[in-house]
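Here's the letter readout for the chains.
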Amino acid sequence: EPWKQLWTAMNDTNKEFSQEEDFGVKLGKLGATWALLKTVQLQQDPQPYLQFFACGNESFIASVIAEYTNTSGLEETESLELKQRCCGILSSIATLRGHIELNRKVGQFFMEQLVSKDTPVSILIEITNSLFEIYPDASFDYDGPVFVQDGFLNILEGKVIPNLKRAFKLVDKNKNPELKAKSHDCFTTLDSFIHYK
């Protein structure tokens with residue numbers, strides 16, 4: 001099947017994302033991985049796909065997080081693109097039911113990024129929007145054990161909100177009106193999300 005051929009071709013050399021390969025190739029692989037994982041979410045039984053992709057495990061998550069954090073030598077725009085795709089992959093894995101520990105790993109990583117003063121504004125927005133997709137409803141099997149028991153709501157209120165407020169305030173609406181508008185929308189939606197949760 002075409003999706004199997006695509007995955008196999010992308011991962012011929014090794015299962016992890018190689019540090020040496022061309023940036024465009026790496027970005028393409030990350031984008032294709034994200035797209036494939038989004039389609040897995042739509043399947044009645046995602047397990048066979050996850051087994052074939054060998055990505056429903058902690059080592060795969062660790063490799064994506066390593067890719068996210070290793071942006072040395074990249075220009076700012078390249079770094080943002082790479083981080084965005086890594087966030088998309090992690091978000092796709094976090095929404096899979098029956099994988100509570102994987103969700104916890106991703107959720108904790110996202111919370112760390114949201115409270116960090118080093119996380120770029122566009123990535124803060126990306127991750128915050130991912131949280132809305134991952135934890136929209138208490139009916140998800142990971143919501144209680146992760147979002148509730150790990151105290152994500154308290155982290156959002158006590159640490160994330162002040163950090164986003166500080167970061168979003170620094171965005172110049174004259175130089176970057178689109179990012180300023182996205183920041184405003186993100187903050188408003190987060191406030192509603194917190195009240196809802």
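Residues numbered from 1 in each chain as written. Predicted model: local features only at pLDDT ≥ 70, side-chain atom pairs only at ≥ 80, totals over all residues. Heavy atoms only, no water.

Colleague: Help me out: how do you make sense of the overall build of the chain in this one?
Modeller: Along the chain, the regular secondary structure elements total 10 helices and zero strands. Overall, the chain shows an N-to-C arrangement of helices and strands of α-α-α-α-α-α-α-α-α-α. Judged by the C-alpha coordinates and their principal axes, the chain covers about 45 × 40 × 25 Å. Within the chain, the fraction of its 197 residues that count as buried is 44%. (Helix = DSSP H or I, 4+ residues; strand = E, 2+ residues; numbered from the N terminus. Buried < 20%, exposed > 50% of the residue type's maximum accessible area, 1.4 Å probe, protein only.)

Colleague: Looking at this model, I keep getting lost on helix α4 (residues 58-69). Mind explaining?
Modeller: Counting along an α-helix, one turn takes 3.6 residues, and residues three or four places apart therefore face a common direction. Relative to the 16 Å expected for 12 residues at 1.5 Å per residue, α4 spans 16 Å between its end C-alpha atoms, a close match to the ideal helical length. For α4, the full list of buried residues reads Phe60, Ile61, Ser63, Val64, Glu67 and Tyr68. The arc that holds the buried residues of α4, viewed along the axis, is 160°, so those residues lie on one side. Looking at the buried positions of α4, the neighbouring elements they touch are α2 (23-41), α5 (76-94), α6 (100-115) and α7 (121-134). (Expected span 1.5 Å × (residues − 1). Arc of directions from axis to C-beta. Contact = heavy atoms within 4.5 Å.)

Colleague: What is the right way to look at the side chain of glutamate 126 in this model?
Modeller: Looking at the element boundaries, glutamate 126 is found in helix α7. Despite its burial, glutamate 126 remains without a salt bridge, the nearest opposite charge being carried by lysine 182 at 7.4 Å. For glutamate 126, the contacting residues outside a window of four places in its chain are Trp34, Gln84 and Cys87. (Lys, Arg positive; Asp, Glu negative; His and termini not counted. Salt bridge = Lys/Arg side-chain N within 4 Å of Asp/Glu carboxyl O.)

Colleague: I tried to follow the packing of α2 against α5 on my own but got confused; where do I start?
Modeller: Pairs of packed helices are described in terms of their axes, by the angle between the two and the distance that separates them. Relative orientation of the contacting elements α2 and α5 amounts to 25°, with a least axis distance of 9 Å. As judged from the angle between their axes, α2 and α5 are roughly parallel. Remark: the crossing between α2 and α5 carries left-handed chirality. For the pair formed by α2 and α5, the contact residues are Phe23, Lys26, Leu27, Gly28, Leu30, Gly31, Thr33, Trp34, Leu37, Lys38 and Gln41 on the first element and Glu78, Glu81, Leu82, Gln84, Arg85, Cys86, Gly88, Ile89, Ser91, Ser92 and Ile93 on the second. Of the residues in the contact of α2 with α5, the class split is nine nonpolar, eight polar and five charged. (Axes fitted to C-alpha atoms, helices over the stretch in contact; angles between N-to-C directions. Parallel < 35°, antiparallel > 145°, perpendicular 65-115°, else oblique. Left-handed = near helix turned anticlockwise from the far one by under 90°. Nonpolar A, V, L, I, M, F, W, Y, C, P; charged D, E, K, R; others polar.)

Colleague: Explanation requested: the packing of α7 against helix α9 (residues 152-169) in the structure shown.
Modeller: Relative to each other, α7 and α9 sit at 145°, their axes nearing to 10 Å. Both α7 and α9 take part in a crossing whose hand is left-handed. Counting all contacts with α7, which are made through Val121, Leu124, Ile125, Thr128 and Leu131, the residues of α9 involved are Leu156, Asn163, Leu164, Ala167 and Phe168.

Colleague: Sorry, what's going on with the nonpolar core here?
Modeller: One broad rule of soluble globular proteins: the nonpolar side chains tend to lie buried together. Core analysis: the largest hydrophobic core is formed by 56 residues, its most contacted members being Phe110, Tyr135, Leu156, Phe168 and Leu190. The biggest single contributor to this core is α7, with eight residues. Apart from residues no more than four positions distant in its own chain, leucine 156 is found in contact with Met111, Leu114, Leu131, Phe147, Ile161, Leu190, Phe193 and Ile194. (Core = buried A, V, L, I, M, F, W, Y, C linked by side-chain atoms within 4.5 Å.)

Colleague: Please explain the environment of phenylalanine 147 as it appears in this structure.
Modeller: Along the chain, phenylalanine 147 falls in helix α8 (residues 143-148). Placed 50 residues apart in sequence, phenylalanine 147 and lysine 197 show a C-alpha to C-alpha distance of 9.6 Å. Contact partners of phenylalanine 147, with chain neighbours within four places excluded, come to Tyr135, Tyr142, Phe152, Leu153, Leu156, Phe193 and Lys197.

Colleague: Mind showing me how you'd approach the pattern of salt bridges here?
Modeller: In a structure, side chains of opposite charge can pair up when their charged atoms sit close to one another. Inspection of the entire model under this criterion finds eight salt bridges. We note a salt bridge from glutamate 81 to arginine 85, for which the minimum N-O separation is 3.9 Å. Pair noted here: glutamate 81 and arginine 85 are both in helix α5, with a separation of four residues, about one helical turn. Classification of glutamate 81 by relative accessible area gives partly exposed; the value is 32%.

Colleague: Just to check I follow, could you spell out the environment of leucine 80 for this structure?
Modeller: Relative to the helices and strands, leucine 80 is located in helix α5. Residues leucine 80 and leucine 124, spaced 44 residues apart in sequence, show a C-alpha to C-alpha distance of 11 Å. Sequence-distant contacts of leucine 80, defined by excluding residues within four places in its chain, comprise Pro120, Ser122 and Ile123.

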